[in-house]
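Summary of structural features
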Amino acid sequence: MCIVKVHSINGVKTTKPLIVLLDSGSTRTLIQRRALPYGCNPKQSAVEQITTTANGEFDSSLFVSLNEIQLPEFINGCTIDKVGDAQLFDSPNTRYDIILGRNFLRRASILLDFKTNTVKWLGHEIVMKPPEQMNKICGQSFNEWLKFMSNIVREERNDAKAFELAEIQQRQ
């Protein structure tokens, strides 16, 4: 789970940071209806599409195009220009705004490393976070979020160093 900054959805600019699940179990990218900016009109796919998630089945026949996204937690400043389509779903019980599935993870070369509980991308890595950590930042402005995330990244690096040190000491 991480935060994503999407420049536009179906050509409509958006500034709100979105909570994202990087999901190796999902074949495609999904977006919650509540994450769409005002004035964004989804497109209808030619065929009905039903998506099954942990929270049930959803008609995901509507879709939007995600453009220019950033994953600021990786602190590498990279922007992914054309992310592609995201199927729309509506689930009030799902805490994620976007679920980035294997189609995106593969194209962006994002590695989910469950052995080390890290997410690796373009030479940078972040620690996988529990859902309650993300709840702290809902509703904040992007600048407030960046300050908050800088503190989390610093804390995670310190925790990772402490964990490595403890493992080394245990082996000795």
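Residues numbered from 1 in each chain as written. Predicted model: local features only at pLDDT ≥ 70, side-chain atom pairs only at ≥ 80, totals over all residues. Heavy atoms only, no water.

1. Concerning the sheet that holds strand 13 (residues 124–127)
Taken in spatial order, the 3 strands make up an open sheet running 11-12-13, and their pairing is antiparallel. Looking at the sheet topology across the chains shown, the edges are occupied by strand 11 (111–113) and strand 13. Sheet twist, expressed as the average angle between the axes of neighbouring strands with direction ignored, equals 25°. As judged from the 4 bridges shared by strand 12 (residues 118–121) and strand 13, these two strands associate in the antiparallel manner. Directly across from Val 119, in strand 13, lies its bridge partner Ile 126. (Pairing = 2+ DSSP bridges. Helix = DSSP H or I, 4+ residues; strand = E, 2+ residues; numbered from the N terminus. Axes fitted to C-alpha atoms, helices over the stretch in contact; angles between N-to-C directions.)

2. Details of the confidence of the model for the protein chain
In regions of low pLDDT, the predicted coordinates are not meant to be interpreted in detail. This prediction gives the protein chain a mean pLDDT of 77; 68% of its residues lie at or above 70. Across the protein chain, the secondary-structure element scoring lowest on mean pLDDT is helix 2 (residues 131–135), at 58, and the one scoring highest is strand 11, at 92. (pLDDT = per-residue confidence, 0-100.)

3. Observations concerning the side chain of Thr 118
For Thr 118, the position within the fold is in strand 12. In terms of polar contacts, Thr 118 uses its side chain to reach the side chain of Thr 116, at 2.6 Å. Discounting residues that sit within four places of it in the chain, Thr 118 has contacts with Leu 111, Leu 112, Asp 113, Glu 125, Ile 126, Val 127 and Met 128. (Polar contact = N/O pair within 3.5 Å; in protein donor to acceptor, adjacent residues only side chain to side chain. Contact = heavy atoms within 4.5 Å.)

4. Here we look at the nonpolar core
The biggest cluster of nonpolar side chains holds 30 residues, and the ones touching the most others in it are Leu 22, Ile 31, Leu 66, Ile 98, Phe 104 and Ile 110. Only strand 1 (2–9), strand 3 (18–22), strand 8 (62–70), strand 9 (79–89), strand 10 (98–100), helix 1 (102–108) and strand 12 provide two or more residues apiece to this core. Excluding residues that lie within four positions of it along the chain, Phe 104 makes contacts with Thr 29, Ile 69, Ile 80, Val 83 and Ile 110. Counting 7 residues, the second largest nonpolar core, distinct from the first, contains Met 1, Ile 3, Phe 89 and Tyr 96. (Core = buried A, V, L, I, M, F, W, Y, C linked by side-chain atoms within 4.5 Å. Buried < 20%, exposed > 50% of the residue type's maximum accessible area, 1.4 Å probe, protein only.)

5. A look at the side chain of Lys 5
With respect to the helices and strands, the residue Lys 5 is situated in strand 1. Summary of buried charges: Lys 5 has no salt-bridge partner, and the nearest side chain of opposite charge, Glu 68, is 8.8 Å away. (Lys, Arg positive; Asp, Glu negative; His and termini not counted. Salt bridge = Lys/Arg side-chain N within 4 Å of Asp/Glu carboxyl O.)

6. Quick notes on unusual backbone geometry
In this structure, Glu 68 is a non-glycine residue whose phi angle is positive, near 50°. Relative to the helices and strands, Glu 68 resides in strand 8. Notably, Ser 109 is not glycine yet its phi reads approximately 60°, a positive angle. Judged by its relative accessible area of 55%, Ser 109 is exposed.

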